[in-house]
Amino acid sequence: MSTLVIADHNKGELAGSTLSVIAAAKAIGGDIDVLVAGKDIGGVAEQAAKADGVNKVLAADNDAYGHDLAENLSLLIAEIGKGYSHLMASAGSVGKDTMPRVAAMLDVAQVSDIMGVQSEDTFVRPIYAGNAIATVQSSDSVKVITVRTTSFDPVAAEGGSASVESVDSAHDAGLSEFVSEELAESDRPDLAAADVVISGGRGMQNGDNFKMLESVADVLGAAIGASRAAVDAGFVPNDMQVGQTGKIVAPNLYIAVGISGAIQHLAGMGDSKFIVAINKDEDAPIFQVADYGLVADLFDAVPQLEEELKKVV
Amino acid sequence: MKVLVAVKRVIDYNVKVRVKPDNTGVDLSNVKMAMNPFCEIAVEEAVRLKEKGVATEIVAVTIGPKVSQEQLRTALALGADRAIQVETDEDVQSLDAAKMLKAVVDKEEPNLVIMGKQSIDTDNNQTGQMLAQLAGMPQGTFASEVEVEGEKVKVTREIDGGLMTVSLNLPAVVTTDLRLNEPRYASLPNIMKAKKKPLETVSPADLGVDVAPRLKTLKVEEPQPRQPGIKVESVEELVDKLKNEAKVI
Ligand SMILES: Cc1cc2nc3c(=O)[nH]c(=O)nc-3n(C[C@H](O)[C@H](O)[C@H](O)COP(=O)(O)OP(=O)(O)OC[C@H]3O[C@@H](n4cnc5c(N)ncnc54)[C@H](O)[C@@H]3O)c2cc1C
């Protein structure tokens, strides 16, 4: 039994999500190799080699993998993946895009978004926006898996000393081309990995008012999230959406401001350790999951929160 | 050009599901069912392409039991020209669904396939990508903008870091994200007209696909309930609790 983990990385850094996928692979058992594919990824491969529990890092440095195009990456993963019993990636946008192509190529099922490992072939995953939790067993010879990274504590980033091998194969399917990207620039912690997240909903009224949340986030070192309604209304960009169909977060502290608590939103933050809700409607469903609920107008409460926090943090 | 849209019958997104007491699944009896919201967005996009004169024919397809014809009728009412139902009562998993759709693609030869990025029941987010692979097509997943330009389609995709635009050779598969469009409602006259539009029924066997689930569901449980929380009276009390009780700041 052996697992190939497909690494996530951006701007030349190994993403923390990969450390959680390695943790999930460890729970399965067997040797763990990591595939790093992209353009100029030598540094990422070195970082992956230091992660705890890694046997070998395979570095595929090629233009064809430069923009994570699924058509090209899937060919590489299927080739390099031969001989492994498990192929695993995070359930981030690259893993979701690419792994089903790999599974179809190998004529096997994919187990999406696992939040638990029961044995080498049995996994726990959320269905119906996390309102039900399924335990599923795969009868395929190769298991293609994406991992809900918030469900696995990351392995240590340092301490390992795996070898790095370079992979020459260049697969360009010739079907798709990268045109452009618009990436959010932020000095804040990554939403999916932050210890504290403060999110705003439709109650924020406009994008400008999110500055109030930024001031609180500055005090707490928090990431900022949003509900679908806030994204749809154009207050903030799509990469901030938390929920069933957005990002999954599980911080120590989640502060929901002007968010009603629809099941699709709860699906993305319900595993947070502590949940605070600030909402002027005392019957808002968010209060049913909040550890601390404050019934108040957010335009009064949020500036006050900033002041009070400054006194104690 | 011809557009194929795949739609799925699922539990209505407003319904809170209940797990069956014997833990074999969720209880879908007497529950409101509807078209998967992402599939509605897919149908809407196809209709807009037709309104722009880009698409000439829209074929809607679904896989499921007889009652899922309701969702095909909805697609027809929204503007699809004809519909195909792959009728089966079996539990069709993503790979088999993709194989059936591939067989439909072989027969219909669409220039563009549009489908939802995920269905809100199994939350798998797989079928579009699997179909693209099986059909040898490129894919534009999680689309928030679709523009057909001659022999190519330009797709803006919602990714973790923001937005990414790709150019795909046609034929291609596009899977929809929430911001692609806001689906319209079917008007009464269109609902009436939809009843007369052609709807063909085939079986998985007709398509040469043997339904073979690879994943066995051993059990389905309720998620761990959260401990009930409290209401605080003031911001001061909130910050005090966060500091001294929860110890998270
Ligand atoms: C297929 C599908 C997928 C979806 N995926 C997601 C997802 O991933 N993430 C997600 O979040 N949603 C998702 N949704 C949408 C979800 O159903 C809700 O519509 C959405 O979460 C509502 O956002 P909201 O809470 O900001 O807005 P609303 O429900 O409108 O709530 C606004 C809240 O703000 C409060 N408020 C207003 N003014 C103030 C004030 N001055 N002070 C204090 N409180 C105030 C109100 O009392 C209200 O509770 C999805 C829906 C569908 C159909």
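Residues numbered from 1 in each chain as written. Chains lettered and ligands numbered in written order. Predicted model: local features only at pLDDT ≥ 70, side-chain atom pairs only at ≥ 80, totals over all residues. Heavy atoms only, no water.

> So what exactly am I meant to see when it comes to the domain arrangement of chain A here?
Bring the parts together and some accessible area is lost; that lost area is often taken as the interface size. All names here are of chain A. On domain assignment, one finds that chain A holds domain 1 (2–166) and domain 2 (191–312). Centre-to-centre separation of domain 1 and domain 2, based on C-alpha positions: 30 Å. Counting residues at the interface gives 5 residues for domain 1 and 8 residues for domain 2. Here domain 1 packs against domain 2, burying approximately 570 Å² in sum over the two surfaces, 53% of which is carbon and sulfur. (Domains from an automatic or database assignment. Contact = heavy atoms within 4.5 Å. Buried area = accessible area lost by both parts, 1.4 Å probe.)

> Looking at this structure, how should I read the interface of chain A and chain B?
Listed as interface residues are 85 residues of chain A and, on the opposing side, 76 residues of chain B. Taken together, both faces of the contact between chain A and chain B bury some 6,800 Å²; the carbon and sulfur share is 55%. Of all residues in chain A, Arg101, Tyr128 and Tyr292 of chain A bury the most surface against chain B, accounting for 11% of the area lost on that side. Its salt-bridge partner being Arg179 of chain B, residue Asp232 of chain A comes within 2.9 Å of it at the nearest N-O pair. At the surface where chain A touches chain B, the tally comes to 49 residue pairs in polar contact (both at pLDDT 80 or more). Alignment of strand β13 (residues 176–183) of chain A against strand β9 (residues 162–169) of chain B, held across 7 bridges, turns out to be antiparallel. Following the sheet pairing, Glu182 of chain A is matched in β9 of chain B by Leu163 of chain B. (Salt bridge = Lys/Arg side-chain N within 4 Å of Asp/Glu carboxyl O. Polar contact = N/O pair within 3.5 Å; in protein donor to acceptor, adjacent residues only side chain to side chain. Pairing = 2+ DSSP bridges. Helix = DSSP H or I, 4+ residues; strand = E, 2+ residues; numbered from the N terminus.)

> How do you make sense of helix α1 (residues 16–28) of chain A when you look at a structure like this?
A turn of α-helix holds 3.6 residues, and therefore any two residues three or four places apart point the same way. Residues and elements named next belong to chain A. Its 13 residues place the ends of α1 19 Å apart at the C-alpha level, agreeing with the 18 Å of an ideal helix rising 1.5 Å per residue. Of all 13 residues making up α1, 10 are buried, and the element is well covered by its neighbours. Residues of α1 that are buried include every one of Ser17, Thr18, Leu19, Ser20, Val21, Ile22, Ala23, Ala24, Ala25 and Ile28, and no others. Phi turns positive one or two residues past the end of α1, at Gly29, with a value near 100 degrees. (Expected span 1.5 Å × (residues − 1). Buried < 20%, exposed > 50% of the residue type's maximum accessible area, 1.4 Å probe, protein only.)

> Even after reading the chapter, I still don't get the confidence of the model for chain B, so can you show me in this structure?
Predicted coordinates in areas of low pLDDT are best not read in detail. A residue-level look at chain B finds 100% of positions with pLDDT of 70 or above and a mean pLDDT of 97. Prediction confidence for the complex, expressed as pTM and ipTM, is 0.97 and 0.97 respectively. (pLDDT = per-residue confidence, 0-100.)

> Help me out: how do you make sense of the sheet that holds strand β9 (residues 122–127) of chain A in this one?
Note on sheets: strands pair through backbone hydrogen bonds, and any given pair is parallel or antiparallel. Taking strand neighbours across the sheet as the criterion, the 4 strands line up as β8(A)-β9(A)-β10(A)-β12(B) in an open arrangement whose pairing is antiparallel. Both outer strands of the open sheet, β8 (116–119) of chain A together with β12 (215–221) of chain B, are each paired with one neighbouring strand and no more. Strand-to-strand, the axes of this sheet are offset by a mean angle of 30 degrees, without reference to chain direction. Across 3 bridges, the pairing between β8 of chain A and β9 of chain A is antiparallel. Within β9 of chain A, the position partnered with Val117 of chain A by the bridge is Phe123 of chain A. (Axes fitted to C-alpha atoms, helices over the stretch in contact; angles between N-to-C directions.)

> Even after reading the chapter, I still don't get the UniProt feature "domain: Electron transfer flavoprotein alpha/beta-subunit N-terminal" (unreviewed entry) in chain A, so can you show me in this structure?
Sequence positions flagged by UniProt for "domain: Electron transfer flavoprotein alpha/beta-subunit N-terminal" (unreviewed entry) are, in local numbering, residues 3–182 of chain A. The span residues 3–182 of chain A is 26% helix and 36% strand, and its two end C-alpha atoms sit 33 Å from each other. (UniProt positions renumbered as here; feature names shortened; annotations may be inferred.)

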